[in-house]
Amino acid sequence: AVVSTQSTGSCFTNPCHFILSYLYDWSAANNVPLSEVSFNTKVVSLISPGLPTDGIYLEGLELRRAGWDTVKGLMYPTSTSAPPFPLPPVLLLPYNKQEDIDSASSLPQLTVSRIECPVVTRGGDFVSTFILPSSHTLNQWTHLKPSILVT
C-alpha cells in the first residue's frame, strides 16, 4: 500500500496523480497491464489499524446530491440544494479486470443498485469514478447525478 515517490512529487497535491500513481505501482508489482486495472470501492465505518494489505484508504471525501447511511452502508438521494455530505473513509482495492472479480458478493444486503459517481476537485477537475451501493433504483438518481468531492 505504499505509493512510489519516484512517479511524481505532485501526486500528493493532485488527487488524479495520486490515484494514477497507485494504479501504476500496483499494476507493475502484479505484472498486470495498467489498462486492465480498476478499483473496487468500499466505504468503511472505521479504518482498520495498520495498512491494508492491498489497497489505500481515502478520507475527507464529500458526497454531493447524496447522503450516506452509515448503518446500512448505502448511499441515498438528497436534494440538489443540500450541502455536501461527509463520506466515511473509502478503501480502494485494485484488481485485474480480466479476473472478473464478483464485487456484488461484498455489497451491503439492502443494495438495490450500484451508482457510478464521478470524483471531482473543488475546481471541477475530474479525478476518477467510484461505484457506490445504493438502496434506491437508478431511476431515482437520474436527475440528481451524485458526485464525490475531494476536499
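What counts as what
- Residues numbered from 1 in each chain as written.
- Predicted model: local features only at pLDDT ≥ 70, side-chain atom pairs only at ≥ 80, totals over all residues.
- Heavy atoms only, no water.
- Salt bridge = Lys/Arg side-chain N within 4 Å of Asp/Glu carboxyl O.
- Helix = DSSP H or I, 4+ residues; strand = E, 2+ residues; numbered from the N terminus.
- pLDDT = per-residue confidence, 0-100.
- Contact = heavy atoms within 4.5 Å.
- Pairing = 2+ DSSP bridges.
- Axes fitted to C-alpha atoms, helices over the stretch in contact; angles between N-to-C directions.

**Examining the pattern of salt bridges**
- According to the stated counting rule, one finds one salt bridge in the structure shown.
- Across the pair Arg122 and Glu62 runs a salt bridge, and its minimum N-O distance is 3.8 Å. On the criterion of sequence distance, the pair formed by Arg122 in the loop between β8 (113–121) and β9 (126–134) and Glu62 in strand β3 (residues 61–64) is long-range, its members being 60 residues apart.

**Brief notes about the confidence of the model for the protein**
- Mean pLDDT for the protein: 81, with 81% of residues reaching 70 or above.
- Across residues 1–11, where pLDDT falls below 50, the model places 19 contacts with residues more than four positions away in sequence or in other chains.

**Some remarks on the sheet that holds strand β7 (residues 90–96)**
- Spatial strand order, β1-β7-β2: three strands in an open sheet with antiparallel pairing. Strands at the two margins of the open sheet, each flanked by one partner only, are β1 (37–43) and β2 (56–58). Taken over all neighbouring pairs, the strand axes of this sheet differ in orientation by 35° on average, direction set aside.
- Bridge analysis of β2 against β7 gives three bridges, and the strand direction is antiparallel. Looking across to β7, one finds that Ile56 is bridged to Leu92.
- Together, β1, β2 and β7 form the strand contacts of helix α1 (residues 15–29), whose direction differs from that of β1 by roughly 120°.

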